[in-house]
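The residues making up each chain are set out below.
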Amino acid sequence: MLIRKNVDLKKYSTMKIGGVADFFAEAKSIADLREIKEFADSKNISIFPIGGGSNVIFSDENHSGIFVHIQLRGIIKMYENAEFANIEVAAGEDWDEFVAWTIKNGLSGIESLSAIPGTVGASPIQNIGAYGTEVSDRIISVEVFDLQTGELHEMSNAQCEFGYRDSIFKKNIGKFIITKVVFQLPKKKPGIPQYKDVQIYFGIRKQKNPTAEEIRNAIIEIRAGKLPDINTVPNNGSFFTNPVISKKEAGLIIEKFPNIPFFELDNDQIKFYAGWLIEQAITEDFKNPIVLYEKNKLVLTNPGGKGSFKALQEKIEDIKGAVKEKFDLTLEVEPNII
Ligand code: NAP
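Residues numbered from 1 in each chain as written. Predicted model: local features only at pLDDT ≥ 70, side-chain atom pairs only at ≥ 80, totals over all residues. Heavy atoms only, no water.

**Let's talk about the side chain of Arg-223**
Argument step 1. With respect to the helices and strands, Arg-223 occurs in helix H5 (residues 212-226).
Argument step 2. Nearest to the buried, unbridged Arg-223 among oppositely charged side chains is Asp-96, at 7.9 Å.
Argument step 3. Setting aside its immediate chain neighbours within four residues, Arg-223 contacts Ser-114, Ala-115, Ile-116, Pro-117, Ala-130 and Tyr-131. (Helix = DSSP H or I, 4+ residues; strand = E, 2+ residues; numbered from the N terminus. Buried < 20%, exposed > 50% of the residue type's maximum accessible area, 1.4 Å probe, protein only. Lys, Arg positive; Asp, Glu negative; His and termini not counted. Salt bridge = Lys/Arg side-chain N within 4 Å of Asp/Glu carboxyl O. Contact = heavy atoms within 4.5 Å.)

**What about the sheet that holds strand S18 (residues 291-293)?**
Argument step 1. The three strands are arranged S13-S19-S18 in an open sheet whose pairing can be described as antiparallel. If you trace the sheet from one side to the other, it starts and ends with strand S13 (235-238) and S18, each paired once. Averaged over all pairs of adjacent strands, the angle between strand axes in this sheet comes to 35°, irrespective of strand direction.
Argument step 2. Pairing analysis gives two bridges linking S13 to strand S19 (residues 296-301), with the strands arranged antiparallel. (Pairing = 2+ DSSP bridges. Axes fitted to C-alpha atoms, helices over the stretch in contact; angles between N-to-C directions.)

**Focus: the pattern of salt bridges**
Argument step 1. For the coordinates displayed, the defined rule picks out 13 salt bridges.
Argument step 2. Among the salt bridges present, the one from Lys-187 reaches Glu-80, with a minimum N-O distance of 2.6 Å. Taken together, the residues Lys-187 in the loop between strand S12 (176-186) and helix H4 (196-204) and Glu-80 in strand S6 (residues 75-80) connect sequence positions 107 residues apart.
Argument step 3. For Glu-80, a relative accessible area of 40% puts it in the partly exposed group.

**Some words on the site of the ligand**
Argument step 1. The local shell around the ligand holds 18 residues, among which Tyr-164, Tyr-195, Lys-226, Asn-242 and Lys-271 are the closest.
Argument step 2. Note that an oxygen atom of the ligand is positioned 2.7 Å from one of the side-chain N or O atoms of Lys-226.
Argument step 3. At a separation of 2.6 Å, an oxygen atom of the ligand approaches a polar side-chain atom of Lys-271.
Argument step 4. Contact with the protein chains hides 82% of the accessible area of the ligand, taken as 800 Å² for the molecule alone.
Argument step 5. Among the elements of the structure, strand S8 (129-130), H5 and S13 are those that each provide at least two residues to the shell around the ligand.
Argument step 6. Of the residues in the shell around the ligand, the class split is seven nonpolar, five polar and six charged. (Near = heavy atom within 4 Å. Polar contact = N/O pair within 3.5 Å; in protein donor to acceptor, adjacent residues only side chain to side chain. Areas by Shrake-Rupley, 256 points an atom, 1.4 Å probe, with all protein chains shown as cover. Nonpolar A, V, L, I, M, F, W, Y, C, P; charged D, E, K, R; others polar.)

Set out below in structure tokens:
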């Protein structure tokens, strides 16, 4: 395995911002990860895994440490019966290619998570979610390489401490590298997600009982209309998570802003829609190379890759400040900042 020096991190982030990494390697096997750990220990430096780069932002300073592009591959059917199949997927597999694979293989359960950029290994970190499905609904276990001990561990779904766009991995960035994810996927036809855009899509087509493949196609089409293509306009997808607060606190905000959209969650909590809050709080896009995406204010874009990390930080502070001032709600950045 090759360890490279002074590698530009920009091209490993879909936001196209980032400085230079002192060391960089591609990990294709567990043996590679062990070798990288030995190298890092010998130099007393940290290890930073990189997947598809859609949920990470690198600051544009010099990064000490070794950055590891996770290239572990393989999809294996471990078990199946008439109702479901258990599928083990290596962390470096592309998420959307895996979703397409499940549908080709007669499985359902993650079709609503179609067209989400990134790798399978990154999916549990922020517990990716869309149209009412969270990846944690389908995960049985996650295998991790412990960066402190160099050992592999299998973590059950409960041990992953999944929450809304959250997990133990997100709370402990730098502790583990995810190497495999095991999913349990049903064979039955899925229902239509109870989200307005999807309901409208099938309503227009008078389709009451679509297949998983038809739902996947619908999601791909809907997302393409609302999100910029990461291959042409640098971005990180949704940039802020929807704020979730107690019903009691939310009551005061709803009273003050009767038009505010909100959704009731379990445990007496209320979720507000970050995209709407930003749209209301920001009347004019500030002068900055980082701009809010015209069709969806939840997305920050870096047209032409011209923005710096500093410009992005300023933009984040402007947006968070404006939302806090108007609604007294705190927005959290979704991608990890390194
Ligand atoms: P949308 O359908 O216009 O809905 C706006 C917001 O309201 C979403 O944030 C969604 O919360 C919430 N919402 C809408 N209908 C809901 C329902 N029936 N029950 C509970 N919550 C509901 O949102 P959108 O921007 O077009 O996104 C559609 C879906 O794709 C959302 O689930 C969104 O999270 C997901 N998405 C994720 C990313 C990403 O990068 N992580 C990017 C784009 C879209 P939730 O976000 O909690 O679902």
